[in-house]
Amino acid sequence: MSILVTGGAGYIGSHTCIELIKAGYSVVVLDDLSNSSREAICRIGGLVGQEVPFIEGSIADRSVLQHLFSNYQFSAVLHFAGSKAVGESVSHPLMYYRNNIGGTTVLLEEMARAGVKQLVFSSSATVYGDAPNPPFREDQPLGQPTNPYGKTKLFIEELCRDVAASDAQACGGPDNNPWHIALLRYFNPVGAHESGRIGEDPRGTPNNLMPYITQVAVGRRPSLSIFGSDYDTPDGTCIRDFIHVVDLAEGHVAALKHLSAMPGCTAINLGTGVGYSVLDVVHAMEAAIGRPIPHTFAPRRPGDSAATVSDPSRAKAILGWATRRTLADMCTDAWRWQQANPQGYGE
Ligand code: WQD
């Protein structure tokens, strides 16, 4: 049996493929390469010592999915594929609703048709919206995401809950095996595989903090703008729950291993439970690279919350998983990747 990894050439998907293969799973990757690189697939193969089957295509392409489900025996799907740039989602909402929600709908229909009803979905802390008083718990009321990207994550969670609650026959499945769906809510993934061979390689100007910092550090950008220094936090900059991408990948393996014991739909936070400020990260990166990071303070970025931190206790209780890597590890590993790959994968 194999695991289908949609978006497996992307930042989190590629790191998860490595941990899946290390855990003994066979992996098949589907990716349309719209925001990722074929080179990442080659490098995964180099790191695990075996070629990873890769199909270039979209989750919205029914014929591609039907080809995959008829040519492989999948036990589960890890679903990372989707558009994820917050700013782009504001300017192109229909593209985001079509790609993320429409594509996921087609994927689940074809999974049901094939009788593959174990799913791990790449959700996000953004579903908590502007909820006050972190740390956030999975059973608290969800917020109103402040952008279409975040809304697609919330809508897909609802879609999964409805599918899991629906009658198996209504889904067209060949038997009555119920859906087992894990909704993994990421906080802020950063860092890279310790080899420095794979890492975060955003197209164009990075939206996210860490890749922007490493591009300044490697000389691709002159200076970091810190958005807001007047928040109600100890140093005035925003606080986030940064999690090492390999800890995150290991969390997916843990969720997959426990999925058969989780019928229905289960939301689980993947975070450290520890908040660091933007300035904390700048200082940790300066320690990692051994020199200052040029930065200036700019006005607040619309949509940002002052603090977003997880309560990771459910992941520990249900999956027996918790993060192991420190902020220093995240910075050291992110820098090793960027230093070895100043232009990312170069495509
Ligand atoms: C973190 C902090 C910025 C860039 C988003 C998505 C979330 C997830 C992670 C996918 C904020 C500040 C940033 C910069 C800065 N995505 N910042 N200068 O917004 O917490 O979360 O990415 O799973 O779903 O919502 O992450 O890294 O963009 O910002 O000062 O150049 O860094 O203002 O306070 P965010 P981020």
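Residues numbered from 1 in each chain as written. Predicted model: local features only at pLDDT ≥ 70, side-chain atom pairs only at ≥ 80, totals over all residues. Heavy atoms only, no water.

**Notes on the overall build of the protein chain**
Stated formally: Under the scheme used here, helices are H or I runs from DSSP no shorter than 4 residues and strands are E runs no shorter than 2 residues, and both carry numbers assigned from the N terminus. In this setup the radius of gyration rests on C-alpha atoms only. A globule is expected at 2.2 Å times the number of residues raised to 0.38. Relative accessibility decides the category of a residue: with a 1.4 Å probe and only protein chains considered, values under 20% of the type maximum give buried, values over 50% give exposed, and everything between is partly exposed. When checking whether two residues touch, look at their non-hydrogen atoms; a contact exists if any pair is within 4.5 Å. We count Lys and Arg on the positive side and Asp and Glu on the negative side, and we leave His and both chain ends out. Lys charges are placed at NZ, Arg charges at CZ, Asp charges at CG and Glu charges at CD.
When its secondary structure is counted, the protein chain shows eleven helices and 14 strands. Radius of gyration (C-alpha) of the protein chain: 19 Å, near the 20 Å computed for a compact globule of 347 residues. By principal-axis analysis of the C-alpha atoms, the protein chain measures approximately 60 × 45 × 40 Å. Burial statistics for the protein chain: of 347 residues in total, 54% are counted as buried. Considering only contacts in the protein chain between residues 6 or more positions apart, those separated by 24 or more positions represent 80%. Averaging the coordinates of the 27 positive side-chain charges in the protein chain and doing the same for the 34 negative ones gives two points 2 Å apart.

**Describing helix H1 (residues 11-22)**
Just so we agree on the cut-off: Expected span of a helix: the number of residues minus one, times 1.5 Å.
With twelve residues, H1 should cover 16 Å at 1.5 Å per step; its first-to-last C-alpha distance of 17 Å lies within 8% of that length. Of all twelve residues making up H1, eleven are buried, and the element is well covered by its neighbours. For H1, every residue scored as buried is listed here: Tyr11, Ile12, Gly13, Ser14, His15, Thr16, Cys17, Ile18, Glu19, Leu20 and Ile21.

**A closer look at the sheet that holds strand S14 (residues 307-308)**
Put simply, the rule reads: Between any two strands, pairing holds if DSSP finds at least two bridges.
What the three strands build is an open sheet, ordered S12-S9-S14; its pairing is mixed. Every other strand in the sheet has two partners, leaving strand S12 (276-277) and S14 as the edge strands with one partner each.

**Structural notes on the pattern of salt bridges**
Pairs can form between side chains of opposite charge whenever their charged atoms are close. The criterion, for reference: Within this document, salt bridges are pairs made up of a side-chain nitrogen of Lys or Arg and a carboxyl oxygen of Asp or Glu, the two lying within 4 Å of each other.
In this structure the tally under the stated criterion is 18 salt bridges. Here arginine 185 makes a salt bridge to glutamate 157, at a shortest N to O gap of 2.7 Å. Taken as a pair, arginine 185 in strand S6 (residues 180-186) and glutamate 157 in helix H6 (residues 148-165) lie far apart in primary sequence, 28 residues in all. Given a relative accessible area of 1%, arginine 185 falls into the buried group. What you see here is one network of salt bridges that share partners, running through Arg62, Glu109, Glu110 and Arg113.

**Focus on the environment of glycine 251**
Along the chain, the position of glycine 251 falls in helix H8 (residues 245-258). Among the residues examined, glycine 251 registers a relative accessible area of 0% and is labelled buried. Between the C-alpha atoms of glycine 251 and lysine 316, which are 65 residues apart in sequence, the distance is 9.9 Å.

**Details of the packing of aromatic side chains**
Definition in use: Here the aromatic set is Phe, Tyr and Trp, taking the six-membered ring for Trp, and pairing holds for ring centres within 6.5 Å; pairs whose planes are under 30 degrees apart are stacked, those over 60 apart are edge-to-face, and all others are tilted. Look at NZ for Lys and CZ for Arg. If either is within 6 Å of the ring centre and within 35 degrees of the ring normal, a charge sits over the ring.
For the coordinates displayed, the defined rule picks out six aromatic pairs. One aromatic cluster in this structure is built from Phe69, Tyr72 and Phe74. Arginine 221 extends its terminal NZ or CZ atom over the ring of tyrosine 212, reaching a point 5.5 Å from the ring centre. Positioned above the aromatic ring of tyrosine 231 is the side chain of arginine 300, whose terminal nitrogen or guanidinium carbon lies 4.0 Å from the ring centre.

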